[in-house]
Amino acid sequence: MAYFPEIKKIEFVGKQKKSGLGFNYYNPDETVAGKPMKDQLRFSVAYWHTFVQEGVDPFGVGTAIRPWQKFKGMDLAKARAEAAFEFFEKLGNPFFCFHDRDVAPEGDTLRETNKNLDVIVSLFKDYMKQTGVKLLWNTANMFTNPRFVHGVASSCNANVFAYAAAQVKKGLEIAKELGAENYVFWGGREGYESLLNTDYKLEQDNMGRFFHMVVDYAKKIGFKGQLLLEPKPKEPMTHQYDFDAATAINFLRTYDLDKDFKLNLEANHAMLAGHTYEHEIRVARTAGLLGSLDANQGNGLLGWDIDEFPTDLYTTTLAMYEVLKNGGPHKGGLNFDAKVRRSSFEPDDLFYSHIVGMDSFALGLKAASRLIEDHVFDDFIDKRYSSYKEGIGADIVSGKADFESLEKYIIDKPESEIGGKNRSGRLELLKDTLNHYIGLEA
Ligand code: XUL
Ligand code: CO
């Protein structure tokens, strides 16, 4: 059965054509920065937003019209899988991502739930073989079911810890079976509402223990994908332990997990943490822990995680700048953790939304590649810090200088030799240049 009968394969039509059901910028086989765009961007469709969610908001029921809604239970799960792979083939995304509970319904026991999962995983395996679409990552939904009300590995209830361990054990087995490139942990319920009832240290120690069990089991079964933590500061928890990239890195280092885990960074989560997306990516890249990206955007007018499709070209350019500086996406990719607006309820909107997201990142990739090729920011930054290349600056960097030698050097210098050496940061000029580079590609 065809779920999107009116839609043909989405093709690259070039930037002269007006937008619609075609890519203006995403040309999968065009080489940018030494690789085909499809390998620089590694786009992935998120199963939950595209095939499960129905446009519910805190004040209203779902609005989405989805042709598979007429089915129930395992029939619905199978229909969704069929619809998903038809969608992937038409859109041309090389990857997809899912939570275990997106793809198959829960049974009365974990054993029954796992049986349901097995049926869909074997369907996925066949579809993946037929279409060539690969799994960027899978993950466990450990936030919807009421059992996770007090957390998962950080729960005060040890049986919930045990349940989560068994759930992730199955998830890692599925990751291995389907050849996932990564396995993700987003700890939506790992955090606290109030310190009045929280053993802060035990909760985090238990999370450390949980992740060591993950590493051990992944090694045991020979899962070769990257293990990724996805930081978020809040929502649903008041305070989430993996607040942002820096906090997550501190957690990984504290529990000696930084050799085994990297980060999956999301634009809307960055905004909720009071950061830009590029800040989060830079922090992870500098620590050698950039794993993968969730592509979406927040909305400055709304204070929660609204997961809009990414359309902001500044952000896509600066995100791809970081990815290229990291030597490309490696095993990571760009997963559209994004949903159509509640008012975009027709099936075609699922295509339009991904097309604008893919085009926005393709354009960002091209602009970022040119900025790097022309050394635009590199040359400026190099010059800005040139005082560390010789004299006293070189002594500071090499470790030769100490407080006494620095005092001796500076103590009699006039202010014209100190503050007087400052030069403009030229931010407006740099932003003008950035505009120019985005404009060149648009
Ligand atoms: C929630 C979120 C999740 C993770 C996977 O804000 O981003 O969808 O990406 O659990
Ligand atoms: Co996400």
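Check the entry above for the structure.
The paragraphs below set out a description of the structure included in this document. All figures in this text were calculated on a predicted structure; none of them were measured in a lab.

### Section: the nonpolar core
Step number 1: If you look at the biggest cluster of nonpolar residues, it comprises 121 residues, and the most contacted ones within it are Leu 41, Tyr 47, Phe 96, Phe 124, Phe 211 and Phe 261.
Step number 2: For Tyr 47, the contacting residues outside a window of four places in its chain are Val 52, Ala 77, Arg 80, Ala 81, Ala 84, Phe 96, Cys 97, Phe 98, Asp 102, Val 103 and Phe 124.

### A look at the coordination of the cobalt ion (ligand 2)
Step number 1: Glu 230 (OE), Glu 266 (OE), Asp 294 (OD) and Asp 337 (OD) make up the full set of protein donors to the cobalt ion (ligand 2), lying at 1.9 to 2.1 Å.
Step number 2: Counting gaps between the donor residues of the cobalt ion (ligand 2) yields the pattern E-x35-E-x27-D-x42-D. Of this pair, Glu 266 sits in strand S10 (residues 261-266) while Asp 337 sits in the loop between strand S12 (334-336) and helix H12 (348-373), placing them 71 residues apart in sequence.
Step number 3: Take Glu 266: its relative accessible area is 2%, and that puts it in the buried class.
Step number 4: The buried category is assigned to Asp 337, whose relative accessible area is 8%.

### As for H12
Step number 1: Helix length check: H12 (26 residues) gives 38 Å between terminal C-alpha atoms against 38 Å at 1.5 Å per residue, within 8%.
Step number 2: For H12, the buried fraction is high: 19 of the 26 residues fall into the buried class.
Step number 3: Backbone geometry just downstream of H12 places His 375 in the positive-phi region, at approximately 55 degrees.

### What to know about the pattern of salt bridges
Step number 1: Taken as a whole and judged by the stated rule, the model has 21 salt bridges.
Step number 2: Lys 38 is the salt-bridge partner of Asp 29, the closest N and O atoms lying 2.5 Å from each other.
Step number 3: The closest approach of N and O atoms between Asp 260 and Lys 219, which form a salt bridge, is 3.7 Å. With Asp 260 in the loop between helix H8 (245-254) and S10 and Lys 219 in helix H7 (residues 200-221), the pair connects residues that are 41 residues apart, well separated along the chain.
Step number 4: Sharing partners across several salt bridges, the network here consists of Asp 100, Arg 101, Glu 106 and Arg 147.

### A closer look at the site of ligand 1
Step number 1: In the vicinity of ligand 1, the contacting residues are Trp 48, His 99, Trp 137, Trp 186, Glu 230, Lys 232, Glu 266, His 269, Asp 294, Asp 305 and Asp 337.
Step number 2: His 269 is positioned with one of its side-chain polar atoms (N or O) 2.8 Å from an oxygen atom of ligand 1.
Step number 3: At 2.8 Å, a side-chain N or O of Asp 337 approaches an oxygen atom of ligand 1.
Step number 4: Relative to its free-state accessible area of 290 Å², ligand 1 is covered by the protein chains to the extent of 94%.
Step number 5: Partitioning the shell around ligand 1 into residue classes produces three nonpolar, two polar and six charged.

Cut-offs and rules
- Residues numbered from 1 in each chain as written.
- Chains lettered and ligands numbered in written order.
- Predicted model: local features only at pLDDT ≥ 70, side-chain atom pairs only at ≥ 80, totals over all residues.
- Heavy atoms only, no water.
- Core = buried A, V, L, I, M, F, W, Y, C linked by side-chain atoms within 4.5 Å.
- Buried < 20%, exposed > 50% of the residue type's maximum accessible area, 1.4 Å probe, protein only.
- Contact = heavy atoms within 4.5 Å.
- Donors = N, O, S within 2.8 Å, 3.2 Å for Na, K, Ca; no water.
- Helix = DSSP H or I, 4+ residues; strand = E, 2+ residues; numbered from the N terminus.
- Expected span 1.5 Å × (residues − 1).
- Salt bridge = Lys/Arg side-chain N within 4 Å of Asp/Glu carboxyl O.
- Near = heavy atom within 4 Å.
- Polar contact = N/O pair within 3.5 Å; in protein donor to acceptor, adjacent residues only side chain to side chain.
- Areas by Shrake-Rupley, 256 points an atom, 1.4 Å probe, with all protein chains shown as cover.
- Nonpolar A, V, L, I, M, F, W, Y, C, P; charged D, E, K, R; others polar.

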